[in-house]
Amino acid sequence: MRPDEKNPPDVMTSKDVPLLHRADVIAAYAPADRAAPHLRLGFIASIDGAATREGVSGGLGNADDRLVFETLRMLCDVILVGAGTVRAEGYGGVRVDEESVAWRVENGLSPQPRLALVTSRLDFDPRHPFFEGAAERPEALRPIVVTTSASDPAMRAAFADVADVVVCGETGVDPALMVASLHAAGLTQLHCEGGPSLFGSLIAADLVDELCLTVSPVLDGGDSGRISAGSAATPRPMRLLHATPAGSMLFLRYERDRGAPQ
Ligand SMILES: NC(=O)c1ccc[n+]([C@@H]2O[C@H](COP(=O)([O-])OP(=O)(O)OC[C@H]3O[C@@H](n4cnc5c(N)ncnc54)[C@H](OP(=O)(O)O)[C@@H]3O)[C@@H](O)[C@H]2O)c1
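Because the structure is predicted, anything quoted here is derived from the model rather than measured.

Section: the packing of helix 2 (residues 63-75) against helix 4 (residues 98-106)
Then step 1. One way to put it is that helix 2 packs onto helix 4 with a least axis distance of 10 Å and a crossing angle of 30°. On the basis of the axis angle, helix 2 is roughly parallel to helix 4. Here the hand of the crossing between helix 2 and helix 4 comes out right-handed. Contacts between helix 2 and helix 4 pair Glu 70, Arg 73, Met 74 and Leu 75 from the former with Ser 100, Trp 103 and Arg 104 from the latter.

Right, here's the structure in full:
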């Protein structure tokens, strides 16, 4: 997760006030047709490809990145996140801000997007901050836990009070089954905040419709990983939709080019 109080951004060109305007950002990222199923990924990386600094991504961002990050959350039906990211970044209390709530309600959406945690092992505590406030939410808005039949049935039962537990696969979460089950639940606009392993499996399954990438103006060096991780290269051609600078921060939006030769 990029907004990170523990790791204040230190590569900012705009410190606390974004250069971009919220209305322009909404216009640049709003889905053309909400009924059409769509999987969007959102990441940040340094110019030399580092996806993290000191193990988290927050240190790469700034106020403009936070605005885009918030907007992508606001526009979706469900925020998907892999267990590794939830563990590393201390995800908790994920909520869009009041302005976003107002926009969502005005546009006929639930006040908050749903949350979906992707974990094959389900080695989590139902009291993890990710599920904060979940028991009080209406059933239709509770978080979703996407897991496998190999996960501990007692753990799946323990989550029943705070989440809808969906089994998609045997030993590893099957990305295609996961996406299909979210669509079947009426969630068409899927927004995945990573991390790299989950992204890699979505690339391998050719399920990625869009990538929103923030290029942070810094050469990071070191040995941080990339934004995707996987065992085999599976090149998927993408088409650039926009490249928007804000100071030295660059916002790239790519869509999958399914007509291009692989
Ligand atoms: N730069 C950025 O924008 C950005 C964004 C997000 C994360 N990150 C960074 O990425 C790092 C975490 O990386 P990660 O790769 O461990 O995170 P991840 O992709 O969020 O999580 C991987 C975990 O997701 C679960 N999973 C379930 N099904 C899966 C599937 N089909 N494919 C892949 N994973 C599946 C597994 O959890 P179980 O072990 O529970 O089974 C797996 O260990 C952190 O340092 C974080 O800061 C950076």
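A look at the pairing of strand 9 (residues 249-256)
Then step 1. As paired strands, strand 7 (residues 210-216) and strand 9 are joined by six bridges and run antiparallel to one another. When the bridges of strand 9 are listed, Cys 212 appears paired with Arg 253.
Then step 2. For strand 8 (residues 238-246) and strand 9, the ladder comprises eight bridges, and the chain directions are antiparallel. Note that in strand 9 the partner of Leu 240 across the bridge is Tyr 254.

Quick notes on the pattern of salt bridges
Then step 1. The full count for this structure, using the stated rule, is 18 salt bridges.
Then step 2. Note that Glu 99 and Arg 22 form a salt bridge whose closest N and O atoms lie 3.5 Å from each other. Of the two residues, Glu 99 is situated in helix 4 and Arg 22 in helix 1 (residues 22-29); the sequence distance between them amounts to 77 residues.
Then step 3. For Arg 22, a relative accessible area of 18% gives the class buried.

Observations concerning the nonpolar core
Then step 1. Residues Leu 39, Leu 41, Met 178 and Leu 202 are the most contacted members of the largest nonpolar core, which totals 30 residues.
Then step 2. For Leu 41, the contacting residues outside a window of four places in its chain are His 191, Cys 192, Phe 199, Leu 202, Val 208, Glu 210, Leu 211 and Cys 212.

Side note on the site of the ligand
Then step 1. The full set close to the ligand counts 26 residues, and Ala 51, Thr 85, Glu 89, Thr 119 and Ser 197 are the nearest of them.
Then step 2. Gly 55 is positioned with one of its backbone polar atoms (N or O) 2.7 Å from an oxygen atom of the ligand.
Then step 3. Thr 85 places a side-chain nitrogen or oxygen 2.6 Å from an oxygen atom of the ligand.
Then step 4. About the coverage of the ligand: the protein hides 84% of its 920 Å² of free accessible area.
Then step 5. Listing elements by their share of the shell around the ligand, those giving two or more residues are strand 1 (38-46), helix 3 (83-89) and helix 7 (196-204).
Then step 6. For the shell around the ligand, the element with the most residues is helix 3, which contributes six residues.
Then step 7. Classifying every residue of the shell around the ligand by side-chain character gives ten nonpolar, twelve polar and four charged.

Regarding helix 6 (residues 175-184)
Then step 1. What helix 6 keeps buried is the set Pro 175, Met 178, Val 179 and Leu 182. Down the axis, helix 6 shows its buried residues gathered within 95° of arc, on one side only.
Then step 2. Structurally, helix 6 contributes buried residues whose contacts are with strand 1, strand 2 (78-82), strand 3 (114-118), strand 4 (144-147), strand 6 (189-192) and helix 7.
Then step 3. Capping of helix 6 at its N-terminal end is provided by Asp 174; its side-chain oxygen lies 2.9 Å from the backbone amide nitrogen of Ala 176.
Then step 4. Following helix 6 by one or two positions, Gly 186 has its phi on the positive side, about 85°.

Looking at the packing of aromatic side chains
Then step 1. The final tally for this structure, using the stated rule, is four aromatic pairs.
Then step 2. Plain terms: the ring middles of Tyr 91 and Phe 130 are 6.5 Å apart, the flat faces sit at 40° to each other, and that makes the pair tilted. Here Tyr 91 is found in the loop between helix 3 and helix 4, whereas its partner Phe 130 is found in the loop between strand 3 and strand 4, with 39 residues between them in sequence.
Then step 3. Given a relative accessible area of 1%, Tyr 91 falls into the buried group.
Then step 4. Judged by relative accessible area, Phe 130 falls into the buried class, the value being 2%.
Then step 5. Chaining the aromatic ring pairs together yields one cluster made of Tyr 91, Phe 130, Phe 131 and Phe 159.

Some thoughts on the sheet that holds strand 8
Then step 1. Read across the sheet, nine strands follow the order 5-4-3-2-6-1-7-9-8 without closing on themselves; strand pairing throughout is mixed. Of all strands in the sheet, those with a lone pairing partner are strand 5 (164-167) and strand 8, marking the two edges. Taken pair by pair, the neighbouring strands of this sheet meet at an average axis angle of 20°, ignoring direction.
Then step 2. Across five bridges, strand 2 lies against strand 3 in parallel orientation. Along strand 3, the bridge assignment pairs Ile 79 with Leu 115.
Then step 3. Contacts from helix 1 reach strand 1, strand 7, strand 8 and strand 9 within the one sheet, and its direction differs from that of strand 9 by about 20°.

Conventions we followed
Residues numbered from 1 in each chain as written. Predicted model: local features only at pLDDT ≥ 70, side-chain atom pairs only at ≥ 80, totals over all residues. Heavy atoms only, no water. Axes fitted to C-alpha atoms, helices over the stretch in contact; angles between N-to-C directions. Helix = DSSP H or I, 4+ residues; strand = E, 2+ residues; numbered from the N terminus. Parallel < 35°, antiparallel > 145°, perpendicular 65-115°, else oblique. Left-handed = near helix turned anticlockwise from the far one by under 90°. Contact = heavy atoms within 4.5 Å. Pairing = 2+ DSSP bridges. Salt bridge = Lys/Arg side-chain N within 4 Å of Asp/Glu carboxyl O. Buried < 20%, exposed > 50% of the residue type's maximum accessible area, 1.4 Å probe, protein only. Core = buried A, V, L, I, M, F, W, Y, C linked by side-chain atoms within 4.5 Å. Near = heavy atom within 4 Å. Polar contact = N/O pair within 3.5 Å; in protein donor to acceptor, adjacent residues only side chain to side chain. Areas by Shrake-Rupley, 256 points an atom, 1.4 Å probe, with all protein chains shown as cover. Nonpolar A, V, L, I, M, F, W, Y, C, P; charged D, E, K, R; others polar. Arc of directions from axis to C-beta. Phe/Tyr/Trp six-rings, centres within 6.5 Å; stacked < 30°, edge-to-face > 60°.

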